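# Structural characterization, general
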Amino acid sequence: MRLMYGRYGVDSMGKATLGIGLAFAVITWFTDSSIFPILSWACIIYTYFRMFSKNIYKRAAENRIYQEKTYKLRCFFTRQKNMLSQRRTHHIYKCPSCSQKIRIPRGKGRIEIRCPKCGATFIKNS
């Protein structure tokens, strides 16, 4: 506990660099390239450098920049995760007129769907 007192610790950028370093380590097992072990160790050492750093404001600024640069990618994966979990209870259809996504509960049989955006109606199985 006292070792980490006044130190920055782990954040999302640290987790990402550690994951990239471990991925490079796994790639090293399957290739004979000499660059992957160097990249692996560089990522892991940089992760520990950030973790034990006492310059908290600079590490937080780095993490904020990382968060801003990866925002769209993280949102994409969050949306995909939510859509995957919703597919258990709902069907997701696209309106033939405007391509608006419409979520319909499963198990209702053959129903007429009215698009909330353009007002078009179409019939689908739920």
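Scroll up a little and you will see the structure.
Structure report, in brief. None of the values given here were measured: they were computed from a predicted structure. (Residues numbered from 1 in each chain as written. Predicted model: local features only at pLDDT ≥ 70, side-chain atom pairs only at ≥ 80, totals over all residues. Heavy atoms only, no water.)

## A word on the packing of helix 2 (residues 35-52) against helix 3 (residues 56-69)
Between helix 2 and helix 3, the shortest axis-to-axis distance is 9 Å and the interhelical angle comes to 125°. When the axes of helix 2 and helix 3 are compared, the pair comes out oblique. Judged by residue contacts, Tyr-46, Phe-49 and Arg-50 of helix 2 engage Arg-59, Glu-62 and Asn-63 from helix 3. Looking at side-chain class alone, the contact of helix 2 with helix 3 contains two nonpolar, one polar and three charged residues. (Axes fitted to C-alpha atoms, helices over the stretch in contact; angles between N-to-C directions. Helix = DSSP H or I, 4+ residues; strand = E, 2+ residues; numbered from the N terminus. Parallel < 35°, antiparallel > 145°, perpendicular 65-115°, else oblique. Contact = heavy atoms within 4.5 Å. Nonpolar A, V, L, I, M, F, W, Y, C, P; charged D, E, K, R; others polar.)

## Let's talk about the pairing of strand 2 (residues 101-105)
Of the two faces of strand 2, the one holding Ile-102 and Ile-104 is buried and the one holding Lys-101, Arg-103 and Pro-105 is not buried anywhere. Summarising the sheet, strand 1 (residues 90-94) and strand 2 pair through five bridges and their orientation is antiparallel. Across the sheet, Tyr-93 pairs through a bridge with Ile-102, a residue of strand 2. Between strand 1 and strand 2, which pair antiparallel one after the other, the connecting turn spans six residues, and Ser-99 there sits at a positive phi close to 65°. (Buried < 20%, exposed > 50% of the residue type's maximum accessible area, 1.4 Å probe, protein only. Pairing = 2+ DSSP bridges.)

## Things to note about the pairing of strand 3 (residues 110-114)
Consecutive side chains of a regular strand alternate in pointing toward one face of the sheet and then the other. Here five bridges tie strand 3 to strand 4 (residues 121-125), and the two strands are oriented antiparallel to one another. For Ile-113, the partnering residue across the bridge sits in strand 4 and is Phe-122. In this structure, the hairpin formed by strand 3 and strand 4 is closed by a connection of six residues, where Gly-119 is found at a positive phi of approximately 85°.

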